[in-house]
Each structure stands twice: as structure tokens, then as C-alpha cells.
Amino acid sequence: MNVSLAQQRVVVLGTGGTIAGRASSAADGVGYTAAQVTVQDLLASIPAYEGLALDVEQVAQVDSKDMTLGVWQTLARRLAFHLARPDVGAVVVTHGTDTLEETAFFLQCVLDAQKPVVLTCAMRPATALVPDGPQNLVDAMVLARHPGTCGVLIVCAGRVHGAGEVAKAHTYRLDAFDSGDAGPLATVGEGLVRQFRAWPEPSGLLKPGAPAWDRVMNAHELPGVVVLTSHADADATQVNALLDHSASHPASAVRGMVVAGTGNGTVHARLEEALSRAQEQGVRVVRTTRCAAGPVIPHAGQVLTDVRQLSPVKARIALALELLGE
Ligand code: ASP
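So, here is what we can say about the structure in this document. (Residues numbered from 1 in each chain as written. Predicted model: local features only at pLDDT ≥ 70, side-chain atom pairs only at ≥ 80, totals over all residues. Heavy atoms only, no water.)

A few words now on the site of the ligand. As a structural note, the neighbourhood of the ligand is formed by Gly-17, Thr-18, Tyr-32, Asp-63, Ser-64, Lys-65, Gly-96, Thr-97, Asp-98 and Ala-122. Measuring from a nitrogen atom of the ligand, one finds a side-chain N or O atom of Asp-63 at 2.7 Å. At 2.5 Å from an oxygen atom of the ligand is found a side-chain nitrogen or oxygen belonging to Thr-97. Each residue belonging to the shell around the ligand can be placed in one class, and the counts come to two nonpolar, five polar and three charged. (Near = heavy atom within 4 Å. Polar contact = N/O pair within 3.5 Å; in protein donor to acceptor, adjacent residues only side chain to side chain. Nonpolar A, V, L, I, M, F, W, Y, C, P; charged D, E, K, R; others polar.)

Next up on the list: the sheet that holds strand S11 (residues 224-229). Taken together, the four strands give an open sheet; going across it, the order is S11-S12-S13-S14, and neighbouring strands pair in parallel fashion. The open sheet terminates on both sides in strands that have one partner only, identified here as S11 and strand S14 (305-306). Running over the sheet, helix H6 (residues 237-248) touches S11 and strand S12 (254-261) and is turned about 170 degrees from S12. Against the sheet, helix H7 (residues 269-280) engages S11, S12 and strand S13 (284-289), with an angle of about 155 degrees to S12. (Pairing = 2+ DSSP bridges. Helix = DSSP H or I, 4+ residues; strand = E, 2+ residues; numbered from the N terminus. Contact = heavy atoms within 4.5 Å. Axes fitted to C-alpha atoms, helices over the stretch in contact; angles between N-to-C directions.)

Counting buried residues along S12, seven of its eight residues qualify, which places the element largely inside the surrounding structure. Once you follow S11 into H6 and on to S12, the crossover reads as right-handed. Note: S12 against S13, six bridges, orientation parallel. Within the sheet, the bridge partner assigned to Val-259 lies in S13 and is Arg-287. (Buried < 20%, exposed > 50% of the residue type's maximum accessible area, 1.4 Å probe, protein only. Right-handed = clockwise from strand over helix to strand, strands pointing away.)

What follows concerns the nonpolar core. With 51 residues, the main nonpolar core has Leu-79, Phe-106, Leu-107, Val-110 and Leu-119 as its most contacted residues. Excluding residues that lie within four positions of it along the chain, Phe-106 makes contacts with Trp-72, Ala-76, Val-216, Ile-317 and Leu-321. In terms of nonpolar packing, the next biggest core, distinct from the first, is built from 29 residues, Leu-42, Ala-144, Ala-186 and Trp-199 among them. (Core = buried A, V, L, I, M, F, W, Y, C linked by side-chain atoms within 4.5 Å.)

See the structure below:
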């Protein structure tokens, strides 16, 4: 069946977050409860969508600070289902901002997103005097219907980010997301998309039904990977405690450690010694940086492998998925 872009349906999946949040006062921008308003009600508040071919589904209703593997699996399954439909041109996902970059990265790792998967959010609850969610949703819809768009994308405050680079960079500003040195992929506003860089290559290697997909979708939990930070006066306490835990609780053993190093991925000598010991005991250790921007540039003599561009939280997901595949 050949369906023209104009006829293609957009699927909107709701997962909760501040975009669906409610406060007792319109002036309260922080003391609200996330994940209260249904995605159907969010869309109903935007008259522009009347008559548009939309399918709307509430996949979850969570504050994204409490994101779980279970929600990711449900979301990935629903996305895979809808993306495979010939009559669907794109999927928009409403999500909380706190772990948005992690969900986007997970989806980019697992989905073959040849069509756009546009995640959007809000920094103010739906009950705010001037909520930002409706505009972000409008912009997400514009991007979803823009010809040629593909991959897992994030839309917030008129900027379009790629799942690989994006990170939440501010605690309350409406324009809370940043893509570091790479910058946004595009802007979206007034119904117009202005693209600066190529859309991300759909990099997800997993196809529904393939063994790797089944392994990720059927896992009860991801392999235990922890994130540690190097800092002044760091020592071996946490690594030792984790190794002790693994020795006494093999079922929940820590199989990987990500260290968010200082600067160019440098690690305090005491922590590095402990991490090397963990590595010798079979724990997979990778090194990234706690700097908000810039990759770790490799050089000779490093005892711990670096993961270049990935932020600590994304490196955790990448390593956990890698361990799951072994
Ligand atoms: N805690 C909220 C969430 O991530 C924050 C937000 O959406 O802005 O769901």
C-alpha cells in the first residue's frame, strides 16, 4: 500500500512527565505532580490537530525520574509495531525531561528508526499559567510530518536534538536541552523546520523477532552497570563495596562500571587503582568524562578504555546492552 506523506498517520504515545503534570496553583512551576494528564487530553487542548489522522496511545504514566526497563520495553515494542505500519509516517512520544536523553538513546540503540521518532516534553506542568508543553507538542508534530526526517529526535523549546548528543543541561529553563559542541540538528518554529545537520542514521541494529531484539525485550533487568564519578579526594570505598556485594550476591553482581572522569576522562589515582582491580576480576570498566561538552580524546598509556562521545548515563546503557548481548 502506497500512502502519500500528506495521508500518513502520526501516532502519539504518552509516557507521562511534566508535560502531563498538574499543580494546585498555576503559579507553581516546581511543586507539581508529574504524569497526571492523559496524552489524549494533552492533544485535545491543541485545536490544530482536529481532523488530522492521529492514533493516540497511553503507553505509561510515569515521572521519568522513575523510568524503568519495563517502560522502555513497552515503549520500544509499541514503537516497533507502529513504525512497521505502512500507513504511519512518524511517531511522537511525550516524555518527562529528567531521563529523556536516556530513553532517546535506548530507543536509538534498539530501534531501526527509518521514520521519525520524535520525543517531546515540557519544563512547566500542564496547569501552569503559560505551559510550554502545547507548543513543544505542536513543534514535534511539525517535525514528525516534515519530509525526509528520520531517526530518534528530541524537540524542546524550538530546537531539535539528536539522541546521541542531547543532554538535559538546565534545571528549570524552558530551553533545558543542549547538544554540546555538535549543536542542535535543526530548529522548528512557526510551522517551519530549519535543518543544520543531517538527521541521525537509524543505527538501531535490532529487528523485532531477531534474537538480540528478543533478548532485550524479554530481559527482566539490564546487566548491573553502575556509574561512578572521579573527584578530588576520591578513593576505593565504592568500588570495594561493589566488589564485596558481587562476591556475596552473584545473582545481582555488578558486571560493569562507568567512571565519569575529570576533564579528558582522567581518574583519581586511588579510584583508578580500584577500577583496575575490578577489571582484573572480570568487571567491564569504561571511562568517560563528567564534563558537559567535549569527547574524551584517547592517548597512550591509559589503563581504562574510553567511550569517547558518550555521557556517563548513555555509556551505562551502551555497556549494559553490550553485556546483555554476550
Ligand atoms: N520529573 C519530571 C520528569 O522527568 C521532570 C520533567 O518532565 O520536566 O518526568
